[in-house]
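Here's the letter readout for the chains.
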Amino acid sequence: MVVCLLSACGAQEEPSANVPLPDPDASVQLPPPPPQERILYTLSESDREETVQTDTGVVLLTSRYGLPVLNAHRSDGSAIVEAGTEMEKAALAAVGAFNEKFTDWSDEGDQEGDLAQIAAEDYAWRSQEGIEWVGSYTTELECTTYQTQHMVSVSGLYYSYTGGAHGNSVYLAWNFDLDNGAFFGPELLGGGELQTAVTEELKRQCAQRAAEYGMEPGEFFWQDYETILADWQSYAISFDEDGMSVNYSPYELAAYAAGGQCFEISYEFLEPYLSLQGQHLLGLVEEPGA
C-alpha cells in the first residue's frame with residue numbers, strides 16, 4: 001500500500017488537452033503606474049471698463065483695463081478651486097500672488113475716483129470760462145502675455161489723457177516665476193556679465209538708431225543716455241518667443257517727440273550670459289544644469 005502511494009507521487013502526469021499552456025514569449029502585462037501629479041497653468045483676460053459722466057450726459061472719464069488672469073488646472077484639465085494636495089496648495093498660492101498684483105495695480109489710489117473728481121472740476125471750470133470741453137479723460141491698459149512651462153511674462157502699455165496737448169504712454173512689465181510663485185526681476189537671470197553685455201548691446205543699437213536720423217546718440221537721446229542704459233534692469237523688461245525686450249517710455253531715454261524706445265535682444269545673444277536658473281525659467285533648458 002505504501003509502495004503504491006510513493007510510486008503515484010513520483011509519476012509524471014500528462015497535461016490535459018483541455019488546459020492551455022502559458023505562452024513563454026508573452027510579456028507580462030503590469031498595471032499602469034498611477035499618473036504623476038502635475039499642475040497646468042493657463043492665462044485668460046479680465047476686461048474692466050468704467051464710464052463717468054455728468055447728469056446731462058457729458059462723458060468725463062472713460063477707463064478700460066485688460067488684465068491678465070492666471071488659472072491653475074490638474075492634469076485632467078479640471079480647475080483647481082480647492083487644494084487637495086500640497087502641490088495644489090502651492091499652485092493656488094501662486095495664482096493668488098499673480099492675480100493680486102494686477103488687482104492691486106488697477107485699484108491703487110482709487111484711480112478712477114480721483115480722476116473723475118479732477119475731470120469734473122476741469123469740466124466745471126471750462127464751462128464757467130466758456131472753454132470747449134475737448135473730450136473725456138481716458139485711462140487704458142493693454143497687456144500682452146508670454147508663457148513658458150516655468151514663467152509668465154506680461155508686457156503692458158498704459159495710456160492716459162488728462163487734458164492738455166496730448167496723452168502719455170508708459171511701458172510696464174511683470175515677470176512671474178510659476179515654480180516659486182513670485183515675481184522676479186531680470187537680475188535673477190544672470191550676474192555682472194549679463195548686465196554688461198546687455199548694456200553694450202543697447203549702446204550699439206542706440207548708435208545705429210541715431211545714425212538712421214543722421215545724428216549722434218547724444219543728440220537723438222538724452223546726453224546721459226549711457227548712464228540710463230546701464231540701469232536697464234530698472235525699466236520695463238519683458239520676454240516673448242524671440243527674446244528679451246527693454247522698453248523705455250517717452251521722456252525716459254529721449255524727448256517725447258522721439259516716442260518710446262524699445263530694444264529687442266535675442267535669446268541667442270543672451271544665452272551665454274544667463275545663469276542655469278535663467279535658462280530654465282526662459283525655457284531654454286528642461287532642468288537647471290541640463
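Look up a bit, the structure's there.
Heads up: these notes are all about the structure in this document. Starting afresh in each chain, residues are numbered from 1 along the sequence in its written order. It should be noted that, the model being predicted, local features are given only for residues of pLDDT at least 70 and side-chain atom pairs only at 80 or more, the latter also being counted only at that level, while totals for whole chains, interfaces and linings use all residues. As a rule here, side-chain values come from all non-hydrogen atoms in the structure, and water together with hydrogens is ignored.

### Side note on the packing of aromatic side chains
Then, in step 1: Aromatic pairs are defined between Phe, Tyr and Trp rings, using the six-membered ring for Trp, whenever the two ring centres lie within 6.5 Å; interplanar angles under 30 degrees are classed as stacked, those over 60 as edge-to-face, and all others as tilted. Under the definition given, this model contains 14 aromatic pairs.
Then, in step 2: Geometrically, the ring pair formed by Phe-102 and Trp-174 is edge-to-face, given 4.8 Å between the ring centres and 70° between the ring planes. Taken together, the positions of Phe-102 in helix H2 (residues 86–107) and Trp-174 in strand E5 (residues 168–177) put the pair 72 residues apart, joining distant regions of the chain. The burial state of Phe-102 is the same as that of Trp-174; both residues are buried.
Then, in step 3: On the numbers, 5.5 Å between centres and 35° between planes, the contact of Tyr-251 with Tyr-256 is tilted.
Then, in step 4: Each residue's exposure class comes from its accessible area (1.4 Å probe, protein chains only) as a fraction of the maximum for that residue type: buried when under 20%, exposed when over 50%, partly exposed otherwise. Exposure remark for Tyr-256: the relative accessible area of 32% places this residue in the partly exposed category.
Then, in step 5: Three or more aromatic residues link up through ring pairs in this structure, and these residues are Phe-98, Phe-102, Trp-174, Phe-176 and Phe-183. Helix and strand definitions follow DSSP, with helices as H or I runs of at least four residues and strands as E runs of at least two, each counted in order from the N terminus.

### Quick notes on unusual backbone geometry
Apart from glycine, the bulk of residues carry a negative phi angle, and the bulk of peptide bonds sit in the trans form.
Then, in step 1: The backbone of Tyr-251 sits at a positive phi, close to 85°, despite the residue not being glycine.
Then, in step 2: Turning to its location among the elements, Tyr-251 is positioned in the loop between strand E8 (243–248) and strand E9 (261–266).
Then, in step 3: With relative accessibility at 44%, the residue Tyr-251 sits in the partly exposed group.

### Regarding the side chain of Asp-177
Then, in step 1: Topologically, Asp-177 is positioned in strand E5.
Then, in step 2: Counted as positive: Lys and Arg. Counted as negative: Asp and Glu, with His and the chain ends omitted from the count. We count a salt bridge whenever a side-chain nitrogen from Lys or Arg sits within 4 Å of a carboxyl oxygen from Asp or Glu. Buried within the structure, Asp-177 lacks any salt-bridge partner; Arg-38 is the closest side chain of opposite charge, at an N-O distance of 14 Å.
Then, in step 3: We call two N or O atoms a polar contact when they sit within 3.5 Å, provided that within protein one can donate a hydrogen and the other can accept it, with sequence-adjacent residues counted only if both atoms are side-chain atoms. Reaching out from Asp-177, the side chain makes a polar contact with the backbone nitrogen of Asp-179 at a distance of 2.9 Å.
Then, in step 4: Any two residues whose heavy atoms approach within 4.5 Å are treated as being in contact. The contacts of Asp-177, once residues within four sequence positions are left out, are His-150, Ala-182, Phe-184 and Leu-281.

### Concerning helix H4 (residues 192–212)
Then, in step 1: Multiplying 1.5 Å by the helix residue count minus one yields the expected span of that helix. End to end, H4 covers 31 Å across 21 residues, agreeing with the expected 30 Å (1.5 Å per residue, within 8%).
Then, in step 2: Buried within H4 we find Leu-194, Ala-197, Val-198, Thr-199, Glu-201, Leu-202, Gln-205, Cys-206 and Ala-210.
Then, in step 3: Buried residues in H4 make contact with helix H5 (217–220), helix H6 (225–230), E8, E9 and helix H7 (267–270).
Then, in step 4: Downstream of H4 by a residue or two, Gly-214 has a phi angle that is positive, lying close to 70°.

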